[in-house]
Amino acid sequence: MNKKKYNPPQKLSLNANYKSLKDYSEEHKRSLKENDVFWSEKAERIEWFKKWKKVSDIDFTLPKIEWFIGGKLNVSYNCIDRHIKNGKGDAIAFYWEGNDPSESKKLTYNQLYDKVCRFSNVLKNLNISKGDRVCLYMQMIPELPIAMLSCARIGAVHSAVFGAFSSDSLRDRINDSKCKLLITQDTGVRGTKNNIPMKSNADVAIEQSPSIENTIVVMRTGEKVHMKNKRDHWWHEQIDSVKPHCEPEHMDAEDPLFILYTSGSTGTPKGVMHTTGGYLLYADYTFSSIFDHKSSDIYWCTADIGWITGHSYITYGPLSNCATSVIFEGVPNYPDFGRFWDIVDKYQVSLFYTAPTALRALMKEGDSWAQSRDLSSLRVLGTVGEPIKEPEWKWYYKIIGSKKCPIVDTWWQTETGGIMISPLPGATPTKPGSATLPFFGVDPVLLDENGNEIIGNNKNGLLAMKSSWPGQMRTVYGDHQRFKETYFTQFKGYYFTGDGAKRDEDGYYFITGRVDDVLNVSGHRIGTAEVEGAIGKADGVAEAAVVGYNHDIKGQGIYAFVTLMTGIEVNSAIEMSIFKTVTKEIGPHAKPDKIQFTSGLPKTRSGKIMRRILRNIANSNLEDMGDISTLADPSVVDKLIKGDQK
Ligand code: WTA
């Protein structure tokens, strides 16, 4: 597979933080060989109240993962106060661009300091202290990063729940980590939706969330919402009545910073827990190196803060680097398909980070949307969340970057805290579809099914990590055993990513996708078991099996095979009820794209569904069904292919 390589533009390399592949390779080798020395040098990038005693203490068999042991620091101090002390208080931290192009705001580091200190005092007044969990259920408004930083300032642990999740999902996440406080907004606006019922969704969730003592509500739209006396408080009223200073808590490097729920192979999402010192350093250093950030840059990441990309590369990584970022409330196609490029043009964005699904959706609309805007400010383009295929890679390179911007295809996960495999824009020649080479301190391997390392290039295997890095998750909140079983048990001594990958003749990694039952729909991780569980709750449904299929825009679409109870007829009302139930149980982003009703599912004699067969049918790969002799009833396969419902 000899793909064309695209060399970094010379002009960029000349001033880049890493200037050549040789620079990178030497530093990468050293980072693995002298791992602790390497990270202790890099840890000087951030400010510590007290230096660590030991750089790392790692044992994947337990698992035990600790970095910068004994060190004390505060994340909010590092993201704000430190820059003000260095004379950067008037620099812009955020340009906020509303869903409607007429709405925008900006916030300097000084102003961010004021807002974060005040809000930290609000949290304290509502009885929140170090270690308490605070749930954030918000859209992309400035108060979201402010709330995150305020939690970090006083040592509270935030748990952000993506704003499209339903009341039921919100309730389950609140209860799992027993949050004391919920922060939300009246209603939300996104694209043509101008009344997303955030507060009323939250109200339903709170009814079954006994740990919640108070809520704070941001007035975003002014829509009338129910405010329960004593329990519900308006953000703007609270923030005006407190002092404008708040001392940052001295946190231990291993104190929790946040929990973020993510889907796995089982029905219940897991609370991925990240801690303070290692996470901040990793987000800080990857951001600086992979985007080649300079103080003159304007950076924009289009992700939602409710996912890990937003945590690490909207809030913590950029702010720790004193970057100026754009935060965008809206969607790429509102008011029209030129919106992204209008924003690049308006703010003169130089570093742009988005997802392949957005690129595919925009590419479909033709080149004129981009070509009619001034995109000459762009310097580095990034992608994240799913494999990027050659057509959209080339479109991004030519039409958006005018062949002068390197594309950093960044592979990582909620669990890894930050980017793990990616080009460095001034150093690494890129190839369409490849995340290229591991970041410093990252030691990937390909394993075979038995856990043997696959040596050499031009090989396929299961992607695992041989050693730890500071941004690694530390546990599944409240369930260390699940942490162990999910990531460290199948292949002893490694962190298993759940992804498959190919390593080409140059040692470049091409991620081939998940090898477990997790789908990647428009860059959102969705567990098939969660969707199956939700469909199973719809009236009349006996059983459901969900698989992914290739989808032009979403990357993967959700394909559900559903059997109904005896006597229930297939009709559009049943289909509607399935959509409604999934929306209620999880949220609209998990609705199946296709439902196939069937009289039976392909099961082994022990009752296990053979998903391989369903995947083939969903993707119309009907040629080779493989061995179906172990099925309890092999005739099911023919029926499924013919689409028989009885
Ligand atoms: C997939 C998102 C190919 C992968 C940061 C991973 C990718 C999952 C890439 C994590 C990429 C992420 N190329 N696949 N550049 N980036 N993935 O936790 O399957 O939402 O395991 O984190 O997304 O998704 P998560």
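Residues numbered from 1 in each chain as written. Predicted model: local features only at pLDDT ≥ 70, side-chain atom pairs only at ≥ 80, totals over all residues. Heavy atoms only, no water.

**Q** Could you clarify how one ought to interpret the sheet that holds strand E11 (residues 214–218) in this entry?
**A** The pairing of strands in a sheet happens through backbone hydrogen bonds and is either parallel or antiparallel. Taken in spatial order, the eight strands line up as E12-E11-E8-E6-E7-E14-E15-E23 in an open sheet, and their pairing is mixed. Bordering the open sheet on either side are strand E12 (232–234) and strand E23 (475–476), each of which pairs with just one other strand. Across six bridges, the pairing between strand E14 (residues 256–262) and strand E15 (residues 270–275) is antiparallel. The residue of E15 that forms the bridge with Thr262 is Lys270. (Pairing = 2+ DSSP bridges. Helix = DSSP H or I, 4+ residues; strand = E, 2+ residues; numbered from the N terminus.)

**Q** Looking at this structure, I do not really get the site of the ligand. What am I missing?
**A** Near the ligand you find 17 residues, and of these Asp409, Thr410, Thr414, Asp499 and Arg525 are the closest. Note that a nitrogen atom of the ligand is positioned 2.8 Å from one of the backbone N or O atoms of Thr410. Asp499 is positioned such that a nitrogen or oxygen atom in its side chain is 2.8 Å from an oxygen atom of the ligand. For the shell around the ligand, the elements supplying multiple residues, two or more each, are helix H11 (308–320), strand E20 (407–410) and strand E25 (509–514). (Near = heavy atom within 4 Å. Polar contact = N/O pair within 3.5 Å; in protein donor to acceptor, adjacent residues only side chain to side chain.)

**Q** Whenever I open this one, the state of the cysteines confuses me. Can you help?
**A** Linking two cysteines covalently via their sulfur atoms produces the bond known as a disulfide. Counted according to the given criterion, the structure contains zero disulfides. As a non-bridged cysteine, Cys79 has Cys322 as the owner of its nearest cysteine sulfur, 10 Å distant. Judged by its relative accessible area of 0%, Cys79 is buried. Cysteine Cys246 is unpaired, with the sulfur of Cys117 as its nearest cysteine sulfur at 5.8 Å. (Disulfide = S-S within 2.5 Å. Buried < 20%, exposed > 50% of the residue type's maximum accessible area, 1.4 Å probe, protein only.)

**Q** What is the right way to look at the pattern of salt bridges in this model?
**A** It is possible for side chains of opposite charge to pair when their charged atoms get near one another. Evaluation of the coordinates by the stated rule reveals 48 salt bridges. The closest approach of N and O atoms between Asp297 and Arg379, which form a salt bridge, is 2.8 Å. Of this pair, Asp297 sits in the loop between helix H10 (277–290) and strand E16 (298–301) while Arg379 sits in the loop between helix H14 (368–371) and strand E19 (380–384), and the two are 82 residues apart along the sequence. Of the residues examined, Arg379 reaches a relative accessible area of 23% and is grouped as partly exposed. We note a salt bridge from Lys364 to Glu365, for which the minimum N-O separation is 3.8 Å. A residue is classified by how much of its surface remains accessible, and Lys364, at 58% relative accessible area, is exposed. (Salt bridge = Lys/Arg side-chain N within 4 Å of Asp/Glu carboxyl O.)

**Q** Just checking my understanding: could you explain the sheet that holds strand E21 (residues 444–447) for this structure?
**A** Taken together, four strands build an open sheet; the order of strands is E21-E22-E24-E25 and the sheet is antiparallel. The outermost strands of the open sheet, each flanked by one partner alone, are E21 and E25. Taking each pair of neighbouring strands and ignoring which way they run, the sheet shows an average axis angle of 45°. Judged from the six bridges that link them, strand E22 (residues 459–465) and strand E24 (residues 495–503) form a sheet pairing that is antiparallel. In the sheet register, Leu462 faces E24, and the bridge partner there is Gly500. (Axes fitted to C-alpha atoms, helices over the stretch in contact; angles between N-to-C directions.)

**Q** What is the right way to look at the environment of Arg360 in this model?
**A** With respect to the helices and strands, the residue Arg360 is situated in helix H13 (residues 356–363). When its relative accessible area of 5% is taken as the criterion, Arg360 is described as buried. Note: C-alpha distance between Arg360 and Thr276 (84 residues apart in sequence) is 36 Å. Not counting the four nearest positions on each side in its chain, Arg360 is found in contact with Glu386, Pro387, Lys389, Glu392, Asp552, Ile553, Lys554 and Gly555. (Contact = heavy atoms within 4.5 Å.)

**Q** Quick question: what am I supposed to make of the pairing of strand E1 (residues 54–59) here?
**A** On a regular strand, each side chain points to the face opposite its neighbour's, so the side chains alternate between the two faces of the sheet. When E1 meets strand E2 (residues 64–69), the two strands line up antiparallel, connected through five bridges. In the strand pairing of E2, Lys54 is matched with Ile69.

**Q** I tried to follow the nonpolar core on my own but got confused; where do I start?
**A** Taken as a class, soluble globular proteins show a tendency for nonpolar side chains to be buried jointly. Counting 115 residues, the largest nonpolar core has Phe68, Phe119, Ile183 and Tyr316 as its most contacted members. Filtering out sequence-adjacent residues up to four positions away, Tyr316 remains in contact with Val75, Cys79, Met148, Leu149, Ala152, His158, Leu257, Phe258, Tyr279, Leu280 and His311. Counting residues in each nonpolar core, the second largest holds 37 residues, with Leu182, Met198, Ile526 and Ile578 among its members. (Core = buried A, V, L, I, M, F, W, Y, C linked by side-chain atoms within 4.5 Å.)

**Q** Is there a simple way to think about the packing of helix H7 (residues 167–177) against helix H8 (residues 198–207) in this case?
**A** Packed helices, taken two at a time, are described by the angle between their axes plus the distance between the axes. Interaxial distance between H7 and H8 falls to 8 Å at its minimum, and their mutual angle equals 50°. Relative to H8, the element H7 is oriented oblique. Viewed along their axes, H7 and H8 form a crossing whose handedness is right-handed. Listed contacts from H8 to Ser167, Leu170 and Arg171 of H7 are Asn201, Ala202, Val204 and Ala205. Taken together, the residues of the contact of H7 with H8 sort by class into four nonpolar, two polar and one charged. (Parallel < 35°, antiparallel > 145°, perpendicular 65-115°, else oblique. Left-handed = near helix turned anticlockwise from the far one by under 90°. Nonpolar A, V, L, I, M, F, W, Y, C, P; charged D, E, K, R; others polar.)

**Q** How should I be thinking about the packing of aromatic side chains in this particular structure?
**A** Two aromatic rings are characterised by how far apart their centres lie and by the angle between their planes. Across all of its chains, the model carries 54 aromatic pairs by this definition. Plain terms: the ring middles of Phe119 and Trp235 are 3.8 Å apart, the flat faces sit at 10° to each other, and that makes the pair stacked. Of this pair, Phe119 sits in helix H5 (residues 109–125) while Trp235 sits in helix H9 (residues 235–240), and the two are 116 residues apart along the sequence. What makes Phe119 buried here is its relative accessible area of 0%. The buried category is assigned to Trp235, whose relative accessible area is 7%. Taken together, the ring pairs connect Tyr18, Tyr24, Phe38, Trp39, Trp48, Trp52, Trp67, Phe68, Tyr282, Tyr285, Phe439 and Phe440 into an aromatic cluster. (Phe/Tyr/Trp six-rings, centres within 6.5 Å; stacked < 30°, edge-to-face > 60°.)

Purely spatial values, then, with no claim about function.
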